[in-house]
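These are the residues of each chain, in order.
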Protein chains: 2
Amino acid sequence: MKNYSVKELLTNGTLQQDVVVKGWVRTFRSNRFIALNDGSTINNIQCVIDFENTDKEVLKKITTSAAAEIKGTLVASKGSGQNFEIQVKEIIILGASNPEEYPIQPKKHSLEFLRANAHLRVRTNTFSAVMRVRSALSFAVHQFFQKEGFYYVNTPIVTGSDAEGAGEMFRVSALDAKNPPLTEAGDVDFTEDFFGKETNLTVSGQLEAETYAMAMGKVYTFGPTFRAENSNTTRHLAEFWMIEPEVAFMELDGNMDLAESFIKYVLAYVKETCPDDLAFLEKRLLDEEKTKPQTERSPMPLREKIDFILDNNFKRVSYTEAVEILRNSKPNKKKKFEYLIEEWGADLQSEHERYLVEKHFECPVILFDYPAKIKAFYMRLNEDGKTVRAMDILFPGIGEIVGGSQREERYDVLVEKMKAMGIDEKELSWYLDLRKFGTAVHSGFGLGFERLVLFATGMTNIRDVIPFPRTPKNAEF
Amino acid sequence: MKNYSVKELLTNGTLQQDVVVKGWVRTFRSNRFIALNDGSTINNIQCVIDFENTDKEVLKKITTSAAAEIKGTLVASKGSGQNFEIQVKEIIILGASNPEEYPIQPKKHSLEFLRANAHLRVRTNTFSAVMRVRSALSFAVHQFFQKEGFYYVNTPIVTGSDAEGAGEMFRVSALDAKNPPLTEAGDVDFTEDFFGKETNLTVSGQLEAETYAMAMGKVYTFGPTFRAENSNTTRHLAEFWMIEPEVAFMELDGNMDLAESFIKYVLAYVKETCPDDLAFLEKRLLDEEKTKPQTERSPMPLREKIDFILDNNFKRVSYTEAVEILRNSKPNKKKKFEYLIEEWGADLQSEHERYLVEKHFECPVILFDYPAKIKAFYMRLNEDGKTVRAMDILFPGIGEIVGGSQREERYDVLVEKMKAMGIDEKELSWYLDLRKFGTAVHSGFGLGFERLVLFATGMTNIRDVIPFPRTPKNAEF
């Protein structure tokens, strides 16, 4: 008898076949019907037991989360919802699961409770669906870029450079924490540390990716990045995965085209490869929102929302135009915004971004040409001398999902900006070299992967779309 | 006129087409022949200039590494080696590169010199070829596992668990390095740190991956791992990428089958997608080895070596058998080994592994069933009570490339082993939960990605197969 996955049996099974399947019991009804799941799909296979001829001791052990090997015959299912079930000839309990002790009961648990049991929560339908979608999205990321002729680059995680300025950093050290060696001046002597200097966890691979784009043309990163910021929100993690393409000879318009086609590709991939998971997650979200007031519910069911992205062009709006819209908006005039928009140059907050996307345009928006003052030093200065070729993509329900720019390729302009912003030229001499030796226009963006997973799964807390979330005061497992 | 990559022009070009191509000058001969490269392939496209009708100031700027946009007509090449060249109608220098200052001259540089210029070394043929092969291998890893029904899992990089015991760890902290808060007892008070406890960079995602395998069936990780070990060798990095599949209901034999078919798949993928890069790297290695004595040269050219892996079964040998072979080997009897093999139970060193692979079997070897004493606590104890279901795969020239095992799935046996090895049960209670609630046989392995890249590229120093290597006293860029 041959081993099959549940997915194989449910999709490619043929009747009257003798099969073996191994998995975990989800439920056991009427001493007769086992719903068995092996993680290959959200669907369970029903295994029908002849309980009168089954050892009582074995029957007792058929409990939620017990591991079992089942041998039997695949037959047409009499129940609704699936085509096949197994008439069990033999069941072997591989590993029991004491229902008195097993933390996850066959009932609805809060997401908060499940977070505290992150090693077991993937045994629930919700989390296994989320993680299958996450896996499919990851692969789609690689497939899109490889198909488009990009090379994958692993930029360093431990960095000796603290000049990126994208956020607070974690220090990486092998020195004795209590009694570190000190210099004569009494400071910690990092020359004695493992790397011979002070090192941190990366906040972005962009600057290093630029060095590769300026030789290989089109590259992308996809790796972990870190922020030591005390943000206890549903949108922030201290450790998250980021995707950063970088392309030589590409201007900002090309960058917008790339980001839009990239997002559409990966969402279309998930729609095609995970239909059952998306259907389940859509229902989950509808159920969750039943308890919420109408105004807080999603405007569309999950799959419709994904189709909406696939079927519509992202609206491209300049910062200047966006500020005009916001200044004249109802919530601004009625002082409903926490931060009122009074003049050009204001930094946009989440409330403004959501107003633009969810109320005004009602579609994904690409904002571009931001004031130089509120953006990073490496973004290309426009001819007006006051805006830079930056772009942010704003998504309904998520806010900023992509941040990118055309990079400043002119040596003199870049040096001047670094001076003005107090960034050490010597520290970034290698970055400046790119502008000295064969410089050219180039652009790229960063996309926080977990925000994409949030969007694609309809989950509302970012801690629920990464296996073991790292947040302030939490690094369990 | 349409933009093309060099690769598109050389492989899909049609004659008399008007084209635009952008890239960097590799060489400029006789004031007439530009070899232009854009990173899309190792091959340059020859661009022929009518120098009599070209501005002298422009001609002067056509130097190595200058960025240029070239417009012209694609014609049949008169030179050997390629089918097409461009008759240049217009050349625009996008970014000059002063040949007096540009560090990488069009001559042979030492790999050591290029390491110090890691931001520019990818502009050489050697490093761009290595990095294209690395990218292709990465994609092949994902493609193999996704095709086989595995789910990609991102296990945490920052870990609060120090129980894995796979090696020395780097501490991750946001505390003040000089004046950390202290407890009453005078120790560093990590409860005040960002995560509320002492945290480190992960050495392996295996234990967390097991929690996912025991719900989703087949999973794999592919992410950075870290070792704070002061190993200044050609085979060790402080930061490297690791691939760790983990499969429920799979025994050690299945694990060996998986590892072997995985390695063959990714090498076959590279052979098919990177033929030009492999041809170049093969020649590079032959050139490099010309200066070496015959005994130190590779036994086979690079591509032959890859074919050898694809065409042969890995030899499966028990530890016990291997020790017998080693004990009776010439170098052991003549005391040529640094560590002589005297009895069963000895830990095998690199010299022994290489003897088995390169001299005795002359093919990749899978060693299995090691003494329990020299292996990790989580490996499944055999019925003999003294060996564990471990396996290592040894490769010619590389040594250990894979380490794996069937995991101990029996709660009582695991607890006893943890006690004997001094591993804190409370710290790993979540790991023990997997043996309490629906335990089952499961197995997995770890493969150091850079060692695979070393093998596939024929490079000999691991620092040359990762973009920005992290090693003792080195975290530049």
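Here, the structure is the one placed above.
Rules used in this analysis
- Residues numbered from 1 in each chain as written.
- Chains lettered and ligands numbered in written order.
- Predicted model: local features only at pLDDT ≥ 70, side-chain atom pairs only at ≥ 80, totals over all residues.
- Heavy atoms only, no water.
- Buried < 20%, exposed > 50% of the residue type's maximum accessible area, 1.4 Å probe, protein only.
- Helix = DSSP H or I, 4+ residues; strand = E, 2+ residues; numbered from the N terminus.
- Pairing = 2+ DSSP bridges.
- Contact = heavy atoms within 4.5 Å.
- Axes fitted to C-alpha atoms, helices over the stretch in contact; angles between N-to-C directions.
- Phe/Tyr/Trp six-rings, centres within 6.5 Å; stacked < 30°, edge-to-face > 60°.
- Lys NZ or Arg CZ within 6 Å of the ring centre and 35° of its normal.
- Polar contact = N/O pair within 3.5 Å; in protein donor to acceptor, adjacent residues only side chain to side chain.
- Salt bridge = Lys/Arg side-chain N within 4 Å of Asp/Glu carboxyl O.
- Least-squares fit on C-alpha atoms with pLDDT ≥ 70 in both.

**Q** Quick one: what's the story with unusual backbone geometry, residue by residue and with numbers?
**A** Residue and element names in this part refer to chain A. We note that Phe249 has phi near 65 degrees; this positive angle belongs to a residue other than glycine. The buried category is assigned to Phe249, whose relative accessible area is 19%. Backbone geometry places Lys335, a non-glycine residue, at a positive phi of 55 degrees. Here Lys335 lies in the loop between α10 (330-333) and α11 (350-361).

**Q** I'd like a rundown of the sheet that holds strand β10 (residues 199-201) of chain A, residues and numbers included.
**A** Picture the strands of a sheet paired through backbone hydrogen bonds; they go either parallel or antiparallel. Strand order in the open sheet formed by six strands is β8(A)-β10(A)-β9(A)-β9(B)-β10(B)-β8(B), with antiparallel pairing between adjacent strands. Sheet topology places β8 (158-159) of chain A together with β8 (158-159) of chain B at the edges, where each strand pairs with a single neighbour.

**Q** Lay out the sheet that holds strand β11 (residues 218-226) of chain A with the relevant residues and their values.
**A** Residues and elements named next belong to chain A. On the basis of which strands lie adjacent, the open sheet formed by eight strands has the order β7-β11-β12-β17-β16-β15-β14-β13 and mixed pairing. Pairing within the sheet leaves two strands with one partner each, and these edge strands are β7 (151-152) and β13 (315-318). Where β7 lies against β11, two bridges are found, and the strand directions are parallel. Following the sheet pairing, Tyr151 is matched in β11 by Val219. Contacts from helix α5 (residues 206-216) reach β7, β11, β12 (239-248) and β17 (442-448) within the one sheet, and its direction differs from that of β12 by about 30 degrees.

**Q** Residues and numbers for the packing of aromatic side chains, please.
**A** Scanning the entire structure with this criterion turns up 55 aromatic pairs over all chains. When the centroid spacing of 4.9 Å and the interplanar angle of 90 degrees are considered together, the rings of Phe194 of chain A and Phe170 of chain B count as edge-to-face. Within this pair, whereas Phe194 of chain A is found in the loop between β9 (171-173) and β10, its partner Phe170 of chain B is found in the loop between β8 and β9 (171-173), the two belonging to separate chains. Across this residue pair, the class does not change: Phe194 of chain A and Phe170 of chain B are buried. Seen in terms of ring centroids, Phe262 of chain A and Phe445 of chain A are 6.3 Å apart; in terms of plane orientation they differ by 50 degrees. Their pairing is tilted. On the criterion of sequence distance, the pair formed by Phe262 of chain A in helix α6 (residues 252-273) and Phe445 of chain A in strand β17 is long-range, its members being 183 residues apart. One aromatic cluster is present, formed by Phe144, Phe145, Phe150, Tyr152, Tyr220, Phe262, Tyr265 and Phe445 of chain A through successive ring pairs. Between Lys305 of chain B and the ring centre of Phe455 of chain B, over which it is positioned, the NZ or CZ distance is 4.2 Å.

**Q** Residue-level account of the environment of Asp464 of chain B, with values.
**A** Residues and elements named next belong to chain B. Note on placement: Asp464 falls in the segment after α14 (449-457). When its relative accessible area of 0% is taken as the criterion, Asp464 is described as buried. Distance in space between the C-alpha atoms of Asp464 and Asp193 is 36 Å, their sequence separation being 271 residues. Among residues more than four places away in sequence, those in contact with Asp464 are Leu111, Arg115, Arg121, Phe127, Val130, Met131 and Met459. Separated by 2.8 Å, the side chains of Asp464 and Arg115 make a polar contact.

**Q** So what's going on with the pattern of salt bridges? Residues and values would help.
**A** Residue and element names in this part refer to chain A. Considering all chains together, one arrives at 59 salt bridges over all chains under this definition. Ionic pairing is found between Asp18 and Lys89, a salt bridge with its closest N-O pair at 2.9 Å. You can see Asp18 sitting in strand β2 (residues 18-29) and its partner Lys89 sitting in strand β6 (residues 84-95), a full 71 residues away along the chain. Assessed through its relative accessible area of 35%, Asp18 is described here as partly exposed. Its relative accessible area of 54% is what places Lys89 among the exposed residues. With a shortest N-O distance of 2.9 Å, Glu210 and Arg435 are connected by a salt bridge. Note that Glu210 is positioned in helix α5 and Arg435 in helix α13 (residues 429-436), a separation of 225 residues in sequence. Judged by relative accessible area, which is 0%, Glu210 ranks as buried. You can call Arg435 buried: its relative accessible area is 5%.

**Q** Could you give an account of the relation of the copies chain A and chain B, with specific residues and numbers?
**A** Think of it as a corkscrew move, a rotation about one axis and a shift along it, taking one chain copy to the other. Its rotation angle being 180 degrees, the transformation that places chain A on chain B also includes 0.0 Å of axial translation and leaves an RMSD of 0.0 Å. Interpreted geometrically, this transformation is the action of a two-fold axis. Considering only C-alpha atoms, the part of chain A nearest the rotation axis is Val172 of chain A, at 2.5 Å. Comparing interface residues between copies, 99% of those in chain A also sit at the interface in chain B, which points to an isologous, same-surface contact.

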